[in-house]
Amino acid sequence: MTTTIPKVRKSAPRSDTPSRVRRGGVMSSTGLYIATGVAAFLFLIPFYILVRNALSTDAEITGENWKFFPTDIQWGNISELFSDETVPFAQSLWNSAVVATLHTVGVLLVCSLAGYGLARIPYKHANKVFYAVLGTLMVPTAVTFVPSFVLVSSLGWVDTYRGLIIPGLFSGFTCFLFRQYFLGFPKELEEAARMDGLGYWGAYWRVVVPNSLNFFAAMATITFIAGWNAFLWPLVIGQDPSSWTVQVALSSYMTNQTVVFHMIFMATAVSILPLVFVFLFLQRWLVQGIAQTGIKG
(Lines give C-alpha, C1' and ligand atoms only; values in the text may rest on other atoms or scores of the structure.)
Protein backbone atom coordinates (compact mmCIF):
# COMPACT_ATOMS: atom_id res chain seq x y z
CA MET A 1 0.00 0.00 0.00
CA THR A 2 1.46 3.27 -1.08
CA THR A 3 1.13 6.32 1.05
CA THR A 4 0.67 9.65 -0.67
CA ILE A 5 2.64 12.34 0.95
CA PRO A 6 0.89 15.67 0.66
CA LYS A 7 2.85 18.39 -1.00
CA VAL A 8 3.71 21.29 1.17
CA ARG A 9 2.91 24.53 -0.53
CA LYS A 10 5.42 27.22 -0.15
CA SER A 11 3.93 30.35 1.25
CA ALA A 12 4.20 33.31 -1.02
CA PRO A 13 6.63 35.95 0.08
CA ARG A 14 4.96 38.63 2.19
CA SER A 15 4.38 41.82 0.40
CA ASP A 16 5.29 45.12 1.94
CA THR A 17 2.60 46.95 -0.03
CA PRO A 18 0.39 47.69 3.03
CA SER A 19 3.29 49.26 4.88
CA ARG A 20 4.08 51.35 1.85
CA VAL A 21 0.47 52.40 1.64
CA ARG A 22 0.53 53.34 5.31
CA ARG A 23 3.72 55.30 4.88
CA GLY A 24 2.30 57.03 1.84
CA GLY A 25 -0.90 57.84 3.69
CA VAL A 26 1.00 59.29 6.65
CA MET A 27 3.20 61.36 4.37
CA SER A 28 0.23 62.68 2.42
CA SER A 29 -1.60 63.52 5.65
CA THR A 30 1.49 65.28 7.01
CA GLY A 31 1.84 67.26 3.81
CA LEU A 32 -1.84 68.19 3.97
CA TYR A 33 -1.49 69.41 7.55
CA ILE A 34 1.60 71.44 6.67
CA ALA A 35 -0.13 73.03 3.68
CA THR A 36 -3.22 73.78 5.77
CA GLY A 37 -1.10 75.31 8.52
CA VAL A 38 0.79 77.52 6.07
CA ALA A 39 -2.48 78.65 4.45
CA ALA A 40 -4.01 79.39 7.86
CA PHE A 41 -0.90 81.38 8.86
CA LEU A 42 -1.04 83.46 5.69
CA PHE A 43 -4.78 83.96 6.14
CA LEU A 44 -4.32 85.23 9.71
CA ILE A 45 -1.57 87.74 8.89
CA PRO A 46 -4.00 90.54 7.88
CA PHE A 47 -5.96 90.00 11.11
CA TYR A 48 -2.77 90.25 13.15
CA ILE A 49 -1.84 93.52 11.40
CA LEU A 50 -5.35 94.81 11.95
CA VAL A 51 -5.36 94.11 15.71
CA ARG A 52 -1.76 95.27 16.13
CA ASN A 53 -2.39 98.63 14.46
CA ALA A 54 -5.74 99.07 16.20
CA LEU A 55 -3.95 99.04 19.55
CA SER A 56 -1.07 101.30 18.46
CA THR A 57 -0.47 104.98 18.02
CA ASP A 58 -0.17 106.63 14.63
CA ALA A 59 3.58 107.03 15.19
CA GLU A 60 4.01 103.28 15.75
CA ILE A 61 1.89 102.44 12.72
CA THR A 62 3.81 104.68 10.32
CA GLY A 63 7.23 104.39 11.98
CA GLU A 64 10.23 102.81 10.30
CA ASN A 65 11.03 100.40 13.13
CA TRP A 66 8.37 97.72 13.00
CA LYS A 67 7.59 95.93 16.26
CA PHE A 68 5.72 92.67 16.51
CA PHE A 69 3.37 94.27 19.03
CA PRO A 70 3.15 97.86 20.32
CA THR A 71 5.26 98.74 23.35
CA ASP A 72 2.35 100.40 25.09
CA ILE A 73 -1.01 98.90 24.15
CA GLN A 74 -3.50 101.69 23.49
CA TRP A 75 -6.70 100.33 25.02
CA GLY A 76 -7.96 103.90 25.02
CA ASN A 77 -8.46 103.66 21.26
CA ILE A 78 -11.64 101.68 21.94
CA SER A 79 -13.19 104.36 24.14
CA GLU A 80 -11.99 107.05 21.73
CA LEU A 81 -13.79 105.28 18.89
CA PHE A 82 -17.16 105.31 20.65
CA SER A 83 -16.80 108.72 22.30
CA ASP A 84 -16.04 110.65 19.12
CA GLU A 85 -18.94 113.08 18.68
CA THR A 86 -18.17 113.79 15.03
CA VAL A 87 -18.55 110.11 14.05
CA PRO A 88 -21.46 108.30 15.77
CA PHE A 89 -19.87 104.86 15.41
CA ALA A 90 -22.22 103.03 17.79
CA GLN A 91 -25.22 104.37 15.87
CA SER A 92 -23.54 103.34 12.62
CA LEU A 93 -23.12 99.78 13.90
CA TRP A 94 -26.80 99.66 14.81
CA ASN A 95 -27.83 101.06 11.42
CA SER A 96 -25.72 98.46 9.61
CA ALA A 97 -27.16 95.66 11.73
CA VAL A 98 -30.74 96.74 11.01
CA VAL A 99 -30.14 97.34 7.31
CA ALA A 100 -28.18 94.12 6.74
CA THR A 101 -30.67 91.98 8.68
CA LEU A 102 -33.81 93.37 7.04
CA HIS A 103 -32.11 93.36 3.66
CA THR A 104 -31.21 89.68 4.09
CA VAL A 105 -34.71 88.67 5.17
CA GLY A 106 -36.30 90.64 2.33
CA VAL A 107 -33.96 89.29 -0.35
CA LEU A 108 -34.44 85.69 0.80
CA LEU A 109 -38.23 86.05 0.81
CA VAL A 110 -38.60 87.88 -2.51
CA CYS A 111 -35.94 85.97 -4.47
CA SER A 112 -36.91 82.54 -3.14
CA LEU A 113 -40.55 83.13 -4.08
CA ALA A 114 -39.52 84.38 -7.51
CA GLY A 115 -37.15 81.47 -8.03
CA TYR A 116 -39.75 78.95 -6.88
CA GLY A 117 -42.36 80.42 -9.18
CA LEU A 118 -40.01 80.30 -12.18
CA ALA A 119 -39.01 76.72 -11.38
CA ARG A 120 -42.35 75.16 -10.47
CA ILE A 121 -45.40 77.18 -11.51
CA PRO A 122 -46.35 76.41 -15.16
CA TYR A 123 -46.65 79.59 -17.16
CA LYS A 124 -46.14 80.01 -20.88
CA HIS A 125 -44.06 83.16 -20.44
CA ALA A 126 -41.93 81.76 -17.61
CA ASN A 127 -38.83 81.45 -19.79
CA LYS A 128 -39.22 85.01 -21.05
CA VAL A 129 -39.48 86.29 -17.50
CA PHE A 130 -36.43 84.25 -16.54
CA TYR A 131 -34.43 85.69 -19.43
CA ALA A 132 -35.52 89.18 -18.39
CA VAL A 133 -34.23 88.48 -14.87
CA LEU A 134 -30.92 87.33 -16.33
CA GLY A 135 -30.86 90.48 -18.44
CA THR A 136 -30.80 92.61 -15.30
CA LEU A 137 -27.41 91.08 -14.47
CA MET A 138 -25.96 92.61 -17.62
CA VAL A 139 -27.03 96.16 -16.73
CA PRO A 140 -24.22 98.05 -14.95
CA THR A 141 -25.11 99.41 -11.53
CA ALA A 142 -23.99 102.89 -12.57
CA VAL A 143 -26.80 103.00 -15.17
CA THR A 144 -29.56 102.49 -12.57
CA PHE A 145 -27.92 104.41 -9.74
CA VAL A 146 -29.14 107.90 -10.63
CA PRO A 147 -32.73 106.87 -11.53
CA SER A 148 -32.93 104.89 -8.28
CA PHE A 149 -31.76 107.88 -6.26
CA VAL A 150 -34.23 110.20 -8.00
CA LEU A 151 -37.08 107.78 -7.24
CA VAL A 152 -36.05 107.33 -3.59
CA SER A 153 -35.61 111.08 -3.17
CA SER A 154 -39.04 111.81 -4.68
CA LEU A 155 -40.59 109.39 -2.19
CA GLY A 156 -38.89 111.17 0.70
CA TRP A 157 -36.84 108.15 1.71
CA VAL A 158 -33.47 109.91 2.05
CA ASP A 159 -31.95 109.35 5.52
CA THR A 160 -34.42 106.54 6.24
CA TYR A 161 -34.22 102.78 6.56
CA ARG A 162 -36.72 102.46 3.71
CA GLY A 163 -34.36 104.20 1.31
CA LEU A 164 -31.46 102.03 2.42
CA ILE A 165 -33.30 98.70 2.29
CA ILE A 166 -36.20 98.61 -0.18
CA PRO A 167 -34.34 99.41 -3.45
CA GLY A 168 -32.09 96.40 -2.95
CA LEU A 169 -34.70 93.81 -2.01
CA PHE A 170 -34.52 92.05 -5.37
CA SER A 171 -31.35 90.48 -6.72
CA GLY A 172 -31.35 88.88 -10.15
CA PHE A 173 -28.37 86.70 -9.28
CA THR A 174 -29.95 85.41 -6.05
CA CYS A 175 -33.20 84.73 -7.92
CA PHE A 176 -31.23 82.76 -10.51
CA LEU A 177 -29.54 80.68 -7.79
CA PHE A 178 -32.87 79.91 -6.12
CA ARG A 179 -34.43 78.87 -9.42
CA GLN A 180 -31.55 76.52 -10.21
CA TYR A 181 -31.77 75.03 -6.74
CA PHE A 182 -35.54 74.48 -6.88
CA LEU A 183 -35.21 72.80 -10.27
CA GLY A 184 -33.27 70.06 -8.51
CA PHE A 185 -35.65 69.82 -5.57
CA PRO A 186 -37.48 66.43 -5.45
CA LYS A 187 -40.92 66.85 -7.00
CA GLU A 188 -42.23 63.85 -5.08
CA LEU A 189 -42.32 65.85 -1.84
CA GLU A 190 -44.35 68.62 -3.46
CA GLU A 191 -46.70 66.14 -5.11
CA ALA A 192 -47.32 64.52 -1.73
CA ALA A 193 -48.06 67.95 -0.29
CA ARG A 194 -50.60 68.67 -3.04
CA MET A 195 -52.29 65.33 -2.37
CA ASP A 196 -52.77 66.60 1.18
CA GLY A 197 -54.55 69.66 -0.20
CA LEU A 198 -51.71 72.19 -0.18
CA GLY A 199 -51.31 74.69 -2.99
CA TYR A 200 -48.12 76.23 -4.32
CA TRP A 201 -47.80 78.56 -1.34
CA GLY A 202 -48.45 75.79 1.17
CA ALA A 203 -45.99 73.45 -0.54
CA TYR A 204 -43.38 76.20 -0.64
CA TRP A 205 -43.78 77.26 2.98
CA ARG A 206 -44.40 73.91 4.67
CA VAL A 207 -42.35 71.51 2.53
CA VAL A 208 -39.76 73.29 0.40
CA VAL A 209 -38.44 75.83 2.91
CA PRO A 210 -37.99 73.42 5.87
CA ASN A 211 -36.08 71.01 3.60
CA SER A 212 -33.91 73.75 2.08
CA LEU A 213 -32.53 75.40 5.22
CA ASN A 214 -28.92 74.68 4.23
CA PHE A 215 -29.28 76.56 0.97
CA PHE A 216 -31.21 79.39 2.65
CA ALA A 217 -28.44 79.69 5.26
CA ALA A 218 -25.80 79.89 2.53
CA MET A 219 -27.71 82.63 0.70
CA ALA A 220 -28.36 84.43 4.00
CA THR A 221 -24.66 84.50 4.83
CA ILE A 222 -23.66 85.86 1.43
CA THR A 223 -26.47 88.43 1.41
CA PHE A 224 -25.79 89.62 4.96
CA ILE A 225 -22.10 90.15 4.24
CA ALA A 226 -22.93 92.07 1.07
CA GLY A 227 -25.46 94.22 2.91
CA TRP A 228 -23.04 94.92 5.75
CA ASN A 229 -20.21 95.90 3.39
CA ALA A 230 -22.35 98.09 1.09
CA PHE A 231 -20.86 101.57 0.78
CA LEU A 232 -21.87 103.65 -2.25
CA TRP A 233 -25.67 103.48 -1.87
CA PRO A 234 -25.64 104.13 1.92
CA LEU A 235 -23.20 106.99 1.32
CA VAL A 236 -25.67 108.72 -1.01
CA ILE A 237 -28.87 107.93 0.90
CA GLY A 238 -27.51 108.36 4.44
CA GLN A 239 -26.60 112.03 4.25
CA ASP A 240 -27.15 112.77 7.93
CA PRO A 241 -24.59 111.27 10.36
CA SER A 242 -27.41 109.66 12.34
CA SER A 243 -28.25 107.48 9.31
CA TRP A 244 -24.68 106.48 8.46
CA THR A 245 -23.83 102.81 8.18
CA VAL A 246 -20.56 101.43 9.49
CA GLN A 247 -18.82 101.61 6.10
CA VAL A 248 -19.68 105.29 5.73
CA ALA A 249 -18.45 105.96 9.26
CA LEU A 250 -15.19 104.21 8.43
CA SER A 251 -14.62 106.45 5.43
CA SER A 252 -14.93 109.56 7.58
CA TYR A 253 -11.57 108.81 9.22
CA MET A 254 -9.82 109.18 5.86
CA THR A 255 -10.20 112.52 4.13
CA ASN A 256 -8.16 114.54 1.64
CA GLN A 257 -6.49 116.42 4.48
CA THR A 258 -6.06 113.86 7.28
CA VAL A 259 -5.87 110.13 7.83
CA VAL A 260 -6.42 108.90 11.40
CA PHE A 261 -4.71 105.54 11.14
CA HIS A 262 -5.36 104.12 14.59
CA MET A 263 -9.07 104.97 14.33
CA ILE A 264 -9.35 103.37 10.90
CA PHE A 265 -7.84 100.12 12.14
CA MET A 266 -9.81 100.10 15.39
CA ALA A 267 -13.09 100.84 13.59
CA THR A 268 -12.33 98.12 11.04
CA ALA A 269 -11.55 95.58 13.76
CA VAL A 270 -14.83 96.33 15.53
CA SER A 271 -16.86 96.35 12.32
CA ILE A 272 -15.74 92.90 11.19
CA LEU A 273 -16.64 91.19 14.48
CA PRO A 274 -20.34 90.72 13.51
CA LEU A 275 -19.30 89.19 10.19
CA VAL A 276 -16.94 86.79 11.96
CA PHE A 277 -19.70 85.68 14.34
CA VAL A 278 -22.19 85.24 11.49
CA PHE A 279 -19.70 83.21 9.47
CA LEU A 280 -18.69 81.01 12.41
CA PHE A 281 -22.33 80.36 13.27
CA LEU A 282 -23.43 79.56 9.73
CA GLN A 283 -20.26 78.06 8.22
CA ARG A 284 -21.53 74.48 8.42
CA TRP A 285 -24.75 75.38 6.62
CA LEU A 286 -22.83 77.61 4.24
CA VAL A 287 -20.62 74.77 2.97
CA GLN A 288 -23.51 72.32 2.76
CA GLY A 289 -25.78 74.81 1.04
CA ILE A 290 -23.24 75.66 -1.66
CA ALA A 291 -22.46 72.00 -2.34
CA GLN A 292 -26.07 70.87 -2.21
CA THR A 293 -28.14 70.81 -5.38
CA GLY A 294 -31.10 68.86 -3.92
CA ILE A 295 -32.08 66.73 -0.99
CA LYS A 296 -30.11 63.60 -0.29
CA GLY A 297 -32.16 60.54 0.60
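Only a predicted model underlies this, so the values are computations on that prediction, with no experimental measurement involved.

Summed over all chains, the structure comprises one salt bridge. Of the charged contacts in the structure, one is a salt bridge between Glu190 and Arg120, with a shortest N-O distance of 2.6 Å. Note that Glu190 is positioned in helix 9 (residues 187-195) and Arg120 in helix 4 (residues 89-120), a separation of 70 residues in sequence. By relative accessible area, which is 12% here, Arg120 ends up buried.

Time to look at the layout of surface pockets. In this structure, the largest pocket occupies an estimated 1200 Å³ of space. His103, Thr141, Pro167, Gly168 and Phe170 are the residues nearest the centre of the largest pocket, which is lined by 38 residues in total. Of all elements in the fold, only helix 4, helix 6 (141-154), helix 8 (172-183), helix 11 (213-229) and helix 12 (232-237) reach the threshold of two or more residues within the lining of the largest pocket. Within the lining of the largest pocket, the residues separate by chemical class into 25 nonpolar, 13 polar and no charged. Considering only enclosed or pocket space, the second largest pocket measures out at about 200 Å³ in volume. Counting residues per element, the ones that place at least two in the lining of the second largest pocket are helix 1 (17-54) and helix 14 (261-291). Top element by residues in the lining of the second largest pocket is helix 14. It accounts for five residues. Taken together, the residues of the lining of the second largest pocket break down into eight nonpolar, no polar and no charged. Looking at the lining of the second largest pocket, you find at least three residues from each of domain 1 (27-74) and domain 2 (87-292).

Under the UniProt annotation, "transmembrane region" (unreviewed entry) lies at residues 30-51, 93-117, 129-152, 164-182, 203-226 and 259-282. Helix makes up 83% of residues 129-152 and strand 0%. Its end C-alpha atoms lie 25 Å apart. Secondary structure across residues 203-226 comprises 83% helix and 0% strand; the distance between its end C-alpha atoms is 30 Å.

Relative to the elements of secondary structure, Asn77 occurs in helix 3 (residues 76-83). The exposure class assigned to Asn77 is buried, which follows from its relative accessible area of 6%. In this structure the side chain of Asn77 is engaged in a polar contact, spanning 3.2 Å, whose partner is the backbone oxygen of Ser56. The residues contacting Asn77, other than those within four sequence positions of it, are Ala54, Leu55, Ser56, His262, Met263 and Met266.

Rules used in this analysis
- Residues numbered from 1 in each chain as written.
- Predicted model: local features only at pLDDT ≥ 70, side-chain atom pairs only at ≥ 80, totals over all residues.
- Heavy atoms only, no water.
- Salt bridge = Lys/Arg side-chain N within 4 Å of Asp/Glu carboxyl O.
- Helix = DSSP H or I, 4+ residues; strand = E, 2+ residues; numbered from the N terminus.
- Buried < 20%, exposed > 50% of the residue type's maximum accessible area, 1.4 Å probe, protein only.
- 1 Å grid on protein atoms, 1.4 Å probe; cavity = no way out; pocket = protein on both sides within 12 Å on 5 of 7 lines; lining within 4 Å.
- Points joined across faces, edges and corners; volume = space filled by probe spheres on them.
- Nonpolar A, V, L, I, M, F, W, Y, C, P; charged D, E, K, R; others polar.
- Domains from an automatic or database assignment.
- UniProt positions renumbered as here; feature names shortened; annotations may be inferred.
- Polar contact = N/O pair within 3.5 Å; in protein donor to acceptor, adjacent residues only side chain to side chain.
- Contact = heavy atoms within 4.5 Å.

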